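A look at the structure
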Amino acid sequence: WEAVGRHWDAVGALSRQYWRSLACKVWQEGCEEQQQQEEQKEPGWSLPLMGQDYLEILSSWYCSFGKCCETGDCRIVNNITGLEADLSEQLHGQHLAKKVVLQAVQGFLQSPQPQKPLVLSFHGWSGTGKNFVARMVATHLYRDGLRSDCVRVFISLLHFPHHKYLESYKAQLQGQISETLQQCRQALFIFDEAEKLHSSLLDAIRPFMAPYGNQGQAGHQRAIFLFLSNLGGNTINEVALDFWRAGRAREEISMEFLEQQLQLELQDPAENSYAHSHLLKENLIDFLVPFLPLEFHHVKLCARDAFLARGLPYTEATLDEVARMMVFVPKEEKLFSAQGCKSVPQRINYFLP
């Protein structure tokens, strides 16, 4: 009985230690005394490894029901494994985007001291997966996905519709980015329809994408900027079509070759605001990520995913029918879906009982 009593006393003491550590992890207030006590203990004292894991599980469980810190940092998950799996299984026909996005995001997050924010610019036709990948990145880096306080989404024609209010837009945009960076040690900014952003707005956010310099910002603050644009879609499609006509697989298209073609188009001042801004001139964009046009079998895979997402049965014949409902170009070859996979989820409604 004495042994049992001593055992329960030890368990009780350890439980109290867990609770104090968990409270400090969650509320981060009044923990100075706790930290001093731990420092005064014998060297090497710490919670057992299993206890540390259990503590992480408890704090994660608590965070799943609400915010447990003012900054929202405790709701950053950075699930690279999940991002890799979803890119592999759900993004069809985009071997370049899969590789570049995964390696760029993973390398940036694992770097102990990145030199600058990560800036990726997605290019390609509508429906090829640019928004899909942006949502995927948000979902796997933040527990709340696009609803996270550390994620800001800007849509050009929705948030900045009138050129006569550019000065007001610039001040608002800079203020919102600054506020998010102050609130979150890791922030994600997504600019949809980036080709329609005025060049002065691009230049207004340029300082936030510049190298950190010697201010030590990289140690405690990281930012990822994603620009989504239809610019370069025709160039990308021409390259893909040339490869097909030459009898070469689209997987042979290299990032180096296609990125060079995109650079040339984006530097044409007659085409876009990118050329008028300093983003390209100062090499602030780390990667121009090409999204290739989707072929018939890619559209079938998108249709399959749409049926599975709604828990509906399907057959190969049904997938063929959905794909044939889409418009394919060019007129002679009818090789690429003009809308990508954008309207596929709506098309399957025609096949519901």
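Here the structure is a predicted model, which is why all the values come from computation and not from measurement.

Details of the packing of aromatic side chains
For the structure shown, the criterion picks out nine aromatic pairs. With 5.3 Å between their ring centres and 50° between their planes, Phe122 and Phe291 make a pair best called tilted. One end of the pair, Phe122, is in strand β1 (residues 118-123); the other, Phe291, is in the loop between β5 (287-290) and α13 (296-309), and 169 residues separate them in sequence. Exposure class is identical for Phe122 and Phe291. Each is buried. Here the aromatic cluster, defined as three or more aromatic residues joined through ring pairs, consists of Phe154, Phe160, Tyr165, Tyr169, Phe191 and Phe227. A cation over a ring is seen here: Arg222 above Phe108, with NZ or CZ 5.8 Å from the ring centre.

What about the side chain of Ser156?
Positionally, Ser156 belongs in helix α7 (residues 156-159). Classification of Ser156 as buried rests on a relative accessible area of 1%. Polar contacts involving the side chain of Ser156 include one to the main-chain carbonyl oxygen of Glu193, which spans 2.6 Å. Setting aside anything within four residues of it in sequence, one finds Ser156 in contact with Pro161, Asp192, Glu193, Ala194, Lys196 and Leu197.

Examining the pairing of β1
For β1, a buried count of six out of six residues is recorded, marking the element as mostly surrounded by other parts of the structure. Pairing analysis gives four bridges linking β1 to β5, with the strands arranged parallel. Across the sheet, residue His123 finds its bridge partner in β5, namely Pro290.

A few points about helix α4 (residues 80-90)
For α4, the full list of buried residues reads Ile80, Gly82, Leu83, Asp86 and Leu87. One side of α4 holds all its buried residues, which, seen down the axis, span an arc of 160°. Exposed side chains of α4 directed beyond 90 degrees from the buried face belong to Thr81, Ser88 and Glu89. Buried residues along α4 sit in contact with α5 (95-110) and α6 (130-141).

Definitions and limits used
- Residues numbered from 1 in each chain as written.
- Predicted model: local features only at pLDDT ≥ 70, side-chain atom pairs only at ≥ 80, totals over all residues.
- Heavy atoms only, no water.
- Phe/Tyr/Trp six-rings, centres within 6.5 Å; stacked < 30°, edge-to-face > 60°.
- Helix = DSSP H or I, 4+ residues; strand = E, 2+ residues; numbered from the N terminus.
- Buried < 20%, exposed > 50% of the residue type's maximum accessible area, 1.4 Å probe, protein only.
- Lys NZ or Arg CZ within 6 Å of the ring centre and 35° of its normal.
- Polar contact = N/O pair within 3.5 Å; in protein donor to acceptor, adjacent residues only side chain to side chain.
- Contact = heavy atoms within 4.5 Å.
- Pairing = 2+ DSSP bridges.
- Arc of directions from axis to C-beta.

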